[in-house]
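Read off the chains here:
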Amino acid sequence: MIPLSMVRPGEKVEIVVVNGGKGLSMRLAAMGLYPGTIIEVVSDARMGPLIISRGGARFALGFGMAHKILVRPIGENNYG
Amino acid sequence: MDRKERIIMDKKPTVALAGNPNSGKTSIFNELTGSRQYVGNWPGVTVEKKEGRFSWNGYEINVVDLPGTYSLTAYSIDETIARDFIVEGQPDAVIVVIDSSNLARNLYLALEILELGANVILDLNMIDEAERKGLKIDVEKISSFFDVPVVETVAVAGKGIQHLKETIIEAIKIKRNEFKIDYGKEIEREIEYLSEFLKSKGVSLKFPLRWFVIKLLEGDTEIIREAKLSNLADEIEEKVQESKIRLEKQLGSDPETSIIEKRYGIIEGLIKECVERQVGIDERLTISDKIDKIVTNKYLGIPIFLLIMWLTFQLVFKLGEPIVGIIELFFDWLGKTISLWFTSIGISEWIISLVRDGIISGLGSVLVFLPNILLLFLVISILEDSGYMARAAFVMDRLMHALGLHGKSFIPMILGFGCNVPAVMACRTLESEKDRILTILVIPLMSCTARLPIYVLFASVFFPKSQGWIIFSLYVLGIVLAIIVARIFKGIFFKHEVAPLIMELPPYRLPQLKGIFIHMWERGSQFLKKAGSIILAGVVVIWILASLPLGVEYASSESFIGRLGSILAPLLKPAGFGFWQAGVALFFGLVAKEVVIGAFGTVYGVEEAGLTGAISQNFTPLSAYSFMVMSLIYIPCIATIGVIKRETNWKWTGLAIGYSLVLGWILAVLIYQIGRLFL
């Protein structure tokens, strides 16, 4: 498991757990981002926000928030 | 007609439109009611509920368009507005507008609204986009699963609207069965336990009890305060905590997650049943992604944003210029013709002066800028509709975050370029109260279209070769100041973490011509109305004060207005414009910033060289620039002050007025004094 903030663009991952504070996991869930969802990182700005896609929808996530979302790479992974 | 139907007709049934941001709610609203509400392409276009009505088969139905929300927690003001209306407004039906190409997430909100006990109609909107993505949806199955009517629509093309209307009429006659999700025996046991506890305390709620308890288990503690149970808050929280601990032991995960999983479990099961997916079609890199790769690139993002802004002002200026010239000539001709005609039919001199010097010269000097204003709104509409606005917020997030503001604050700030009033309201989409107030406080620093005439006039007189750059510099100055001021206020008033950014980025869409022109015209006609009321009143008052006391030379320093201006002039002297006319213009600019120009038109209108001539005699390029900076900053107009008060309180409103006066003056003085050393 790695934080979403460390995933490289183009990579597909599955959300495992959201270590959010009050309301964060509910907020994400309402937007369709909950444990078990498969998302793809579209682009990142180093230490800045990243764009992820989930079934056609695009979301901008702040870096701090991306750090709190733990994900598991799926498919062929190429983490060195 | 039976009795029940008659009752419905007497009461005038109300239906509410709810749905995720960008699901096409406002388009549905427009199609239903024949209204022309503005439809944007960024999350949070509707921040206030809007009302309209339609008639069908002899029924008259009220329609309320609620703000777009993802859920019904009390996370931000727009969500609270939506939820409270469903609970307290007791609409006869709630149409949940669903983006069919994003079924799972959209159904999540539908589930919450169903749990709230509303009489729901599901509207599968944008069904064409779903089809293009290769999704086939079995409407019958969805309908029978939830036991609610389901309609398919394509709102932008007006498809399915008749069917929706028929369905609404049918639905409001029926009382639906309660909708209940079975959360499994562990969670159900705790729901039961907490419900019993609340009942034993004899609480009465505006929300359904079961829904309230589920929200508590979801960790929405805000709802205790909202239910006005603060006297029981500690006790309730204690009980909820007990339940949560028990559940965590039994389920192995916290109840929030279990509840989410249960809901999505239901939705995913349903989707598996009802949706056929031809794989592969939506796998490709979409055009949106390709554009995003460039405009949100970490190195290119900010330069591209600045380039777009710069192009905007070039366009507003260059395209507007010839038309402005024509309108200028027209008012010139009008003033001369009318005064000649009035003289020839023997109308007294003072009426001629009122019409020529006061109304035509004052109002005309403002109205000539209509083309610039329309063009600016045109560009803002295109940026909004295309979906770029949300990207601008994304691109600026890192910078904004580093400076203590929220990335999302950037959208209201850009909207402030149009008019500060809706921009202040758009801050409602910010989840954190502190972020919201902070953003509201700096919005008056965004150059609204009312300030544009001041820039255009002064830039064209003093900087004819680089008008675009000069105006651009003022807009950028506004943004830079906003960021600095926010940073300072944050240090003083709001020592907190900025709420993290989560924002949906809508797909890029080709802006619809019709929508853009509606938007442009709406704003343009607002400007005309303003010209016909508040600005007109302003220039007439200035004319009267310039003509009195009786016998004084019009607009001389002995007139009332001259004396008023003379009091202010010494204050403005260090900034380079210490003459009474500037004092008067700024003083009346408080009413509306356009009046600054209107006032110059009225007091200078009589002079031989006309307005531009008079200005070039009284200002230097340097003092012209410091005057523009002063006009940018010095005080929010009355309408903006009003809306800041409404959205916050007098304390923050007072701060907004106070800091802008001080900051405007200091900056104008600094620019003039430092500039003098070099020029």
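Cut-off values and rules
- Residues numbered from 1 in each chain as written.
- Chains lettered and ligands numbered in written order.
- Predicted model: local features only at pLDDT ≥ 70, side-chain atom pairs only at ≥ 80, totals over all residues.
- Helix = DSSP H or I, 4+ residues; strand = E, 2+ residues; numbered from the N terminus.
- Buried ≥ 20, exposed ≤ 12 C-beta atoms within 10 Å, placed from the backbone.
- Contact = placed C-beta atoms within 7 Å.
- Rg over C-alpha atoms; globule rule 2.2 N^0.38 Å.
- Axes fitted to C-alpha atoms, helices over the stretch in contact; angles between N-to-C directions.
- Parallel < 35°, antiparallel > 145°, perpendicular 65-115°, else oblique.
- Left-handed = near helix turned anticlockwise from the far one by under 90°.
- Nonpolar A, V, L, I, M, F, W, Y, C, P; charged D, E, K, R; others polar.
- Pairing = 2+ DSSP bridges.
- Arc of directions from axis to C-beta.
- Core = buried A, V, L, I, M, F, W, Y, C linked by C-beta atoms within 7 Å.
- Expected span 1.5 Å × (residues − 1).
- Domains from an automatic or database assignment.

Visitor: Please clarify how the overall build of chain A should be interpreted in this entry.
Guide: Each helix and strand counted, chain A has two helices and six strands in total. Reading chain A from its N end, one meets helices and strands in the order β-β-α-β-β-β-α-β. Of all 80 residues assigned to chain A, the portion counted as buried reaches 52%. Within chain A, residue pairs in contact and separated by at least 24 positions form 53% of the contacts whose partners lie at least 6 positions apart.

Visitor: Would you mind going over the overall build of chain B with me for this structure?
Guide: Within chain B, the secondary structure is distributed over 30 helices and nine strands. In summary, chain B has a C-alpha radius of gyration of 29 Å against a globular reference of 26 Å for 679 residues, a match within 12%. Per-residue burial for chain B yields a buried fraction of 48% across its 679 residues. Of the contacts made within chain B by residues no fewer than 6 positions apart, 72% connect residues no fewer than 24 positions apart.

Visitor: Explain the packing of helix α21 (residues 452-462) of chain B against helix α22 (residues 467-493) of chain B here, please?
Guide: Two packed helices can be described by the angle between their axes and the distance between those axes. Residues and elements named next belong to chain B. Running from amino to carboxyl end, α21 crosses α22 at an angle of 140°, the nearest separation of the two axes being 9 Å. Taken as axis vectors, α21 and α22 run oblique relative to one another. The chirality of how α21 crosses α22 is right-handed. Along the contact surface, α21 presents Y455, A459 and S460, while α22 presents Q467, I470, I471 and L474. Residues belonging to the contact of α21 with α22 are distributed by class as follows: five nonpolar, two polar and no charged.

Visitor: Looking at this model, I keep getting lost on unusual backbone geometry. Mind explaining?
Guide: Residues and elements named next belong to chain B. With a phi angle near 50°, N57 is a residue other than glycine that sits in the positive phi range. Structurally, the position occupied by N57 is in the loop between β2 (50-56) and β3 (59-65). We classify N57 as exposed; it has 7 C-beta atoms within 10 Å.

Visitor: Help me understand the interface of chain B and chain A in this model?
Guide: By a widespread convention, an interface's size corresponds to the accessible area lost as its parts come together. At the interface, 35 residues of chain B touch 29 residues of chain A. Sort the elements by how many residues they give to the side of chain B that touches chain A and helix α12 (residues 255-274) of chain B lands first, with five residues. Tallied by class, the residues present in the side of chain B that touches chain A amount to twelve nonpolar, ten polar and 13 charged. As paired elements, strand β5 (residues 57-61) of chain A and strand β9 (residues 502-505) of chain B share four bridges and run antiparallel to each other. What sits directly across from A60 of chain A, in β9 of chain B, is M503 of chain B.

Visitor: Help me out: how do you make sense of the pairing of strand β3 (residues 38-44) of chain A in this one?
Guide: Side-chain direction in a regular strand flips from residue to residue, so the side chains alternate between the two faces of the sheet. Residues and elements named next belong to chain A. The element β3 is extensively covered by neighbouring structure, given that five of its seven residues are classed as buried. Inspection of the sheet shows strand β2 (residues 12-18) paired to β3 by three bridges, in the antiparallel sense. Residue pairing for β3: V13 is matched across the bridge by I39. Here β3 pairs with strand β4 (residues 50-54) via four bridges, running antiparallel. Counterpart to S43 in the pairing with β4 is I51.

Visitor: Teacher, can you tell me more about helix α29 (residues 638-647) of chain B here?
Guide: An α-helical segment advances 3.6 residues per turn. Residues three or four places apart therefore align on the same side. All names here are of chain B. Those residues of α29 not exposed but buried are T640, V643 and I644. Projected down its long axis, α29 shows its buried positions confined to an angular sector of 105°, all on one face. In α29, those exposed residues whose orientation departs by more than 90 degrees from the buried face are I638 and R646.

Visitor: What should I look at first to understand the nonpolar core in this one?
Guide: Soluble globular proteins tend to bury their nonpolar side chains together. Residues and elements named next belong to chain B. Core analysis: the largest hydrophobic core is formed by 219 residues, its most contacted members being V96, I113 and L122. Here this core gets ten residues from one element, more than from any other, and that element is α22. Not counting the four nearest positions on each side in its chain, L122 is found in contact with V96, I98, A110, I142, F146, V148 and V150.

Visitor: Would you mind going over the sheet that holds β4 of chain A with me for this structure?
Guide: Sheet strands pair via backbone hydrogen bonds, and the direction of the pair is either parallel or antiparallel. The strand order β1(A)-β6(A)-β2(A)-β3(A)-β4(A)-β5(A)-β9(B) describes an open sheet built from seven strands, whose pairing is antiparallel. Either end of the sheet is taken by a strand with one partner, and the two such strands are β1 (2-3) of chain A together with β9 of chain B. In the packing of helix α17 (residues 388-402) of chain B onto the sheet, contacts are made with β5 of chain A together with β9 of chain B, and the angle to β9 of chain B comes to roughly 145°.

Visitor: Would you explain the packing of helix α28 (residues 621-633) of chain B against helix α30 (residues 650-678) of chain B in this entry?
Guide: All names here are of chain B. Direction vectors running N to C along α28 and α30 enclose 165°, while the axes themselves pass 8 Å from each other. Taken together, the axes of α28 and α30 are roughly antiparallel relative to one another. In terms of crossing hand, the pair formed by α28 and α30 is right-handed. Seen from α28, the contacting residues are L622, S623, Y625, S626, V629, M630 and I633; seen from α30, they are S660, L663, G664, L667, A668, I671, Y672, G675 and R676.

Visitor: Honestly, helix α16 (residues 370-386) of chain B in this entry has me stumped. Any pointers?
Guide: Residues and elements named next belong to chain B. Spanning 17 residues, α16 covers 24 Å between terminal C-alpha atoms, matching the ideal 24 Å at 1.5 Å per step. Judged by how many residues are buried, α16 sits mostly within the fold: 14 of 17 residues are covered. Residue G387 follows α16 closely and has a positive phi angle near 100°.

Visitor: What is the right way to look at the environment of V87 of chain B in this model?
Guide: By the secondary structure assignment, V87 of chain B is in helix α3 (residues 77-88). Spatially, the C-alpha atom of V87 of chain B lies 12 Å from that of F212 of chain B, the residues being 125 residues apart in sequence.

Visitor: Got a minute to help me understand the pairing of strand β6 (residues 69-73) of chain A in this structure?
Guide: Residue and element names in this part refer to chain A. For β1 and β6, the ladder comprises two bridges, and the chain directions are antiparallel. Looking at the pairing, P3 lines up with L70 of β6. For β2 and β6, the ladder comprises five bridges, and the chain directions are antiparallel. Its bridge partner lying in β6, I15 is registered against V71.

Visitor: Sorry if this is basic, but what is going on with the domain arrangement of chain B here?
Guide: Parsing chain B into structural domains produces domain 1 (3-171), domain 2 (185-277) and domain 3 (303-497 + 514-678). If you average the C-alpha positions of domain 1 of chain B and of domain 3 of chain B, the two centres end up 40 Å apart.

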